[in-house]
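# Examining the three-dimensional arrangement
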Amino acid sequence: MTKVSKYPRIMNYMRRNKIMLLCIQETKLKGNDHIEIMEENPLLEVKCNNDAEGKARNGIAFLLNKNLTRNKAITHDVIIPGRASRIIIQLSPTERLNVVNIYAPNIEKEKISFYKTLLRKLSAMEDMEDMIMMGDFNMINGSTDRLPQRKDDERVVNPVNAIINKFNIVDGWRKYNEDNLEFTFTSMSNKSSARIDRIYV
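This text gives an overview of the structure that appears in the document. (Residues numbered from 1 in each chain as written. Predicted model: local features only at pLDDT ≥ 70, side-chain atom pairs only at ≥ 80, totals over all residues. Heavy atoms only, no water.)

### A short note on the sheet that holds strand 6 (residues 95-103)
- The strand order 4-5-6-7-11 describes an open sheet built from five strands, whose pairing is mixed. Of all strands in the sheet, those with a lone pairing partner are strand 4 (74-80) and strand 11 (197-200), marking the two edges. The average undirected angle you get between the axes of adjacent strands in this sheet is 15 degrees.
- As paired strands, strand 7 (residues 132-136) and strand 11 are joined by four bridges and run antiparallel to one another. (Pairing = 2+ DSSP bridges. Helix = DSSP H or I, 4+ residues; strand = E, 2+ residues; numbered from the N terminus. Axes fitted to C-alpha atoms, helices over the stretch in contact; angles between N-to-C directions.)

### Things to note about the pattern of salt bridges
- Summed over all chains, the structure comprises 15 salt bridges.
- Note that Asp 145 is salt-bridged to Arg 195, the shortest N-O span being 2.9 Å. With a gap of 50 residues between them, Asp 145 in the loop between strand 7 and strand 8 (146-147) and Arg 195 in the loop between strand 10 (192-194) and strand 11 connect regions that are remote in the sequence. One exposure class covers both Asp 145 and Arg 195, and it is buried.
- Among the salt bridges present, the one from Arg 155 reaches Asp 153, with a minimum N-O distance of 2.7 Å. (Salt bridge = Lys/Arg side-chain N within 4 Å of Asp/Glu carboxyl O. Buried < 20%, exposed > 50% of the residue type's maximum accessible area, 1.4 Å probe, protein only.)

### Focus on the sheet that holds strand 10
- If you walk across this open sheet you meet the three strands as 8-10-9, and the pairing is antiparallel. At either end of the open sheet lies a strand with only one pairing partner, and these are strand 8 and strand 9 (185-187).
- Relative to strand 10, strand 9 runs antiparallel, the two sharing three bridges. Counterpart to Ser 187 in the pairing with strand 10 is Ser 192.

### So, the pairing of strand 7
- Among the five residues in strand 7, five count as buried, and that is most of the element.
- One ladder, built from five bridges, connects strand 6 with strand 7; its direction is parallel. Paired with Ile 102 across the bridge in strand 7 is Gly 135.
- Handedness of the crossover joining strand 6 and strand 7 through helix 4 (residues 108-124): right-handed. (Right-handed = clockwise from strand over helix to strand, strands pointing away.)

### Focus on helix 5 (residues 154-166)
- With 13 residues, helix 5 should reach 18 Å at 1.5 Å per residue; the first-to-last C-alpha distance of 17 Å fits that figure.
- Turning to helix 5, its buried residues number three or more, namely Val 156, Val 157, Pro 159, Val 160, Ile 163 and Ile 164.
- Tucked into the core, helix 5 has its buried residues touching helix 4, strand 7 and strand 11.
- A positive backbone phi angle near 55 degrees is found at Asn 168, which sits one or two residues after helix 5. (Expected span 1.5 Å × (residues − 1). Contact = heavy atoms within 4.5 Å.)

### Notes on the packing of aromatic side chains
- For the coordinates displayed, the defined rule picks out two aromatic pairs.
- For the ring pair Phe 114 and Tyr 115, a centre distance of 4.9 Å and an interplane angle of 70 degrees mean the geometry is edge-to-face. Neither Phe 114 nor Tyr 115 differs from the other in exposure class; each is buried.
- The aromatic ring of Phe 167 is capped on one face by Lys 166, whose charged end is 5.9 Å from the ring centroid. (Phe/Tyr/Trp six-rings, centres within 6.5 Å; stacked < 30°, edge-to-face > 60°. Lys NZ or Arg CZ within 6 Å of the ring centre and 35° of its normal.)

### Things to note about the nonpolar core
- Tyr 115, Leu 118, Leu 122, Met 131 and Met 133 are the most contacted members of the largest nonpolar core, which has 24 residues in total.
- Residues in contact with Leu 118, not counting those within four places in the same chain, are Ile 79, Ile 80, Ala 84, Ile 102, Met 133 and Ile 163.
- Among the nonpolar cores identified, the runner-up in size contains 13 residues, and Ile 10, Leu 29, Val 46 and Cys 48 belong to it. (Core = buried A, V, L, I, M, F, W, Y, C linked by side-chain atoms within 4.5 Å.)

Below you can see the structure in the form of structure tokens.
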């Protein structure tokens, strides 16, 4: 843990804007870091999925605003250690949030393996018809999401598209911004930009 933590600012933002759930990636938490965060921020609950080797790298987490989740049933399942998790928040007897949070690898070979594994594991999970999937995909589905424009490796794109089709989810932002060129990541070293962070609903 660093001496100056970002989590008090995050919690204040969630509280002011009445945000129940925040999905974060590349948390770089290890061991009991999440317990320390919750002790310092009593209104914040952290459901984390840390690096599989216990190192301060990779990792994802769900941040929950206790003001809004109090008395709600919550379950958290690790899908791929350090890379993918699911959370279910039972909002009412008939309504719930079912969210998958992912952080895909940067290295192409690891990325191909990750998405194949994610497709297989999601397909084996029950009761996923209302899934929301979000996070850092480290890939794009179409050339308009990268500048300079180019397509990604089909061995990465195909399993992602298989997930999208199987669970009937859509890129919410792109649906309403068909021709817009906006990006979530910019590399100054190779002067490129990409919209690698997305939400599918």
